[in-house]
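Structural description and commentary
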Amino acid sequence: MRFYREPDADPTVLDGCCVAVLGYGNLGRSFALNLRDSGVSVVIGNRDDEYRSAARDDGFTVLGISEAVEAAGIVVVLIPDEEIPECFTASIRPHLRPGEAVCFASGYALAFGLVDLPAGIDVLLLAPRMLGEEVRRSYVDGAGFFAYISVEQDASGRGLDRLLALAHAAGVLRKGAMPLRASDEALLDLFIEQTVGPYLGTTIQVAFALGVDAGLPPEAMVLEMYMSGEMARTFQAFADAGFFESVGWHGVVAQYGGFLRTMELDRGAMTAMFSSVLEDIRSGGFAARFQEERDAGGPTLAAIAAVKEAGNAMTEAERRVRDALATRP
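Residues numbered from 1 in each chain as written. Predicted model: local features only at pLDDT ≥ 70, side-chain atom pairs only at ≥ 80, totals over all residues. Heavy atoms only, no water.

Mapped onto the elements of the fold, Ser-150 is located in strand 7 (residues 146-153). Judged by relative accessible area, which is 10%, Ser-150 ranks as buried. There is a polar contact of 2.5 Å between the side chain of Ser-150 and the side chain of Glu-152. Beyond its immediate chain neighbours, meaning those up to four positions away, Ser-150 contacts Val-123, Leu-124, Leu-125, Leu-163, Leu-180, Arg-181 and Ala-182. (Helix = DSSP H or I, 4+ residues; strand = E, 2+ residues; numbered from the N terminus. Buried < 20%, exposed > 50% of the residue type's maximum accessible area, 1.4 Å probe, protein only. Polar contact = N/O pair within 3.5 Å; in protein donor to acceptor, adjacent residues only side chain to side chain. Contact = heavy atoms within 4.5 Å.)

Right, here's the structure in full:
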């Protein structure tokens, strides 16, 4: 196992090469700005919407998707996963020339066979382990960010050189790039999102409801669980000191109580649920249902949006905390 760092890359590989960034959402904007600030020639490919206007306001040459692909030697696909299959077939694939490269920021479309790749191009994966806006912030402050990388198809014989040059320009290699196949990246990403994520989110909601019912102030509940930043620092301690080693950073009462309650959890039920999720993802079942969701107009996503927009006690408690902190003493 290794991590690629800055000395492993040759930035001159991108000299004279135009890179097309397709999609100017949070991640697309961050990538494009980072590449440009590293001296790379960048054009933006985006449909005619507010993101296209934002790219133009940021000083980029903005084209349609097809035109951007034709103008570039390397194409970075940063549009939503569910939109990639149709867009790739209609607007990307027909305009790729032999010897060029296409780079994905997620292994999803590659892992589940959602794109038909031409034989004569390099197919690359550069998957950031960071939120879109943080990709830009971590570049500006010089810290960099982790990413998974892979050469899925090396038609030119220069696939790795191109990929490392891109990672260098984006700011990845300041922190480190770990080799990981697209199939594993997609499985890993979806698995954690659909296991750790739901458990953590449900834990917070259940604890909030029970705490408030027990008479605890709702504002104190949201402050205790996440708004104070203590929980975020706990997760950072996992990274800094190690998962088990960081236990010693907590008081004896926290260690004792946490250990007792951990032993009381139903690990069998959790393991069964996680195993079922893992198999559903690996078999392609989840990907198939997600594409059906997209084709049906996104009814589940609409329900999620409705839940987020509806008023709820946790959101109101968060607002009161922010309002109180915004008031000068």
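Moving on, there is more to tell.
The eight strands are arranged 3-2-1-4-5-6-7-8 in an open sheet whose pairing can be described as mixed. Either end of the sheet is taken by a strand with one partner, and the two such strands are strand 3 (61-63) and strand 8 (176-179). Averaged over all pairs of adjacent strands, the angle between strand axes in this sheet comes to 25°, irrespective of strand direction. Bridge analysis of strand 2 (residues 41-45) against strand 3 gives three bridges, and the strand direction is parallel. Residue pairing in the sheet places Val-43 in a bridge with Thr-61 of strand 3. Relative to strand 5 (residues 101-104), helix 4 (residues 84-92) is tilted by about 165°, and along the sheet it contacts strand 1 (18-22), strand 4 (74-77) and strand 5. Sitting on the sheet, helix 8 (residues 182-194) touches strand 6 (122-128) and strand 7, and the angle it makes with strand 7 is about 140°. (Pairing = 2+ DSSP bridges. Axes fitted to C-alpha atoms, helices over the stretch in contact; angles between N-to-C directions.)

With that out of the way, let us pick up helix 4. Taken residue by residue, helix 4 has Ile-84, Pro-85, Cys-87, Phe-88, Ser-91 and Ile-92 as its buried positions. Summarising the contacts, the buried residues of helix 4 are in contact with strand 1, helix 3 (65-71), strand 4, strand 5, helix 5 (108-111) and helix 14 (285-295).

Time to look at the state of the cysteines. All told, the structure shown has zero disulfides when counted by the stated rule. As a non-bridged cysteine, Cys-18 has Cys-17 as the owner of its nearest cysteine sulfur, 6.9 Å distant. Residue Cys-18 is classed as buried on the basis of its relative accessible area of 16%. A disulfide-free cysteine, Cys-87 has its sulfur positioned 15 Å from the sulfur of Cys-103, the nearest such atom. By relative accessible area, Cys-87 is classed as buried at 16%. (Disulfide = S-S within 2.5 Å.)

Take the nonpolar core next. Core analysis: the largest hydrophobic core is formed by 39 residues, its most contacted members being Leu-35, Val-42, Ile-44, Phe-60, Leu-126, Leu-166 and Val-172. Put simply, the parts of the chain that give this core at least two residues each are strand 1, helix 1 (26-37), strand 2, strand 4, strand 5, strand 6, strand 7 and helix 7 (159-170). Looking at this core element by element, the count peaks at seven residues for helix 7. Those residues in contact with Val-172 that lie beyond four places of it in its chain are Leu-126, Phe-145, Phe-146, Ala-147, Ala-167 and Ala-177. With 28 residues, the next largest nonpolar core counts Leu-22, Ile-65, Val-77 and Phe-104 among its residues. (Core = buried A, V, L, I, M, F, W, Y, C linked by side-chain atoms within 4.5 Å.)

Another point: the pattern of salt bridges. Evaluated as defined, the whole model comprises 21 salt bridges. Note that Glu-219 is salt-bridged to Arg-320, the shortest N-O span being 2.5 Å. Here Arg-320 lies in helix 16 (residues 313-326) and Glu-219 lies in helix 10 (residues 218-227), a separation of 101 residues in the sequence. Relative accessible area serves as the criterion here: at 26%, Glu-219 is assigned to the partly exposed category. On the accessibility criterion, Arg-320 (32% relative accessible area) is partly exposed. It is possible to trace a salt-bridge network through shared partners that takes in Glu-83, Glu-86, Arg-294 and Asp-295. (Salt bridge = Lys/Arg side-chain N within 4 Å of Asp/Glu carboxyl O.)

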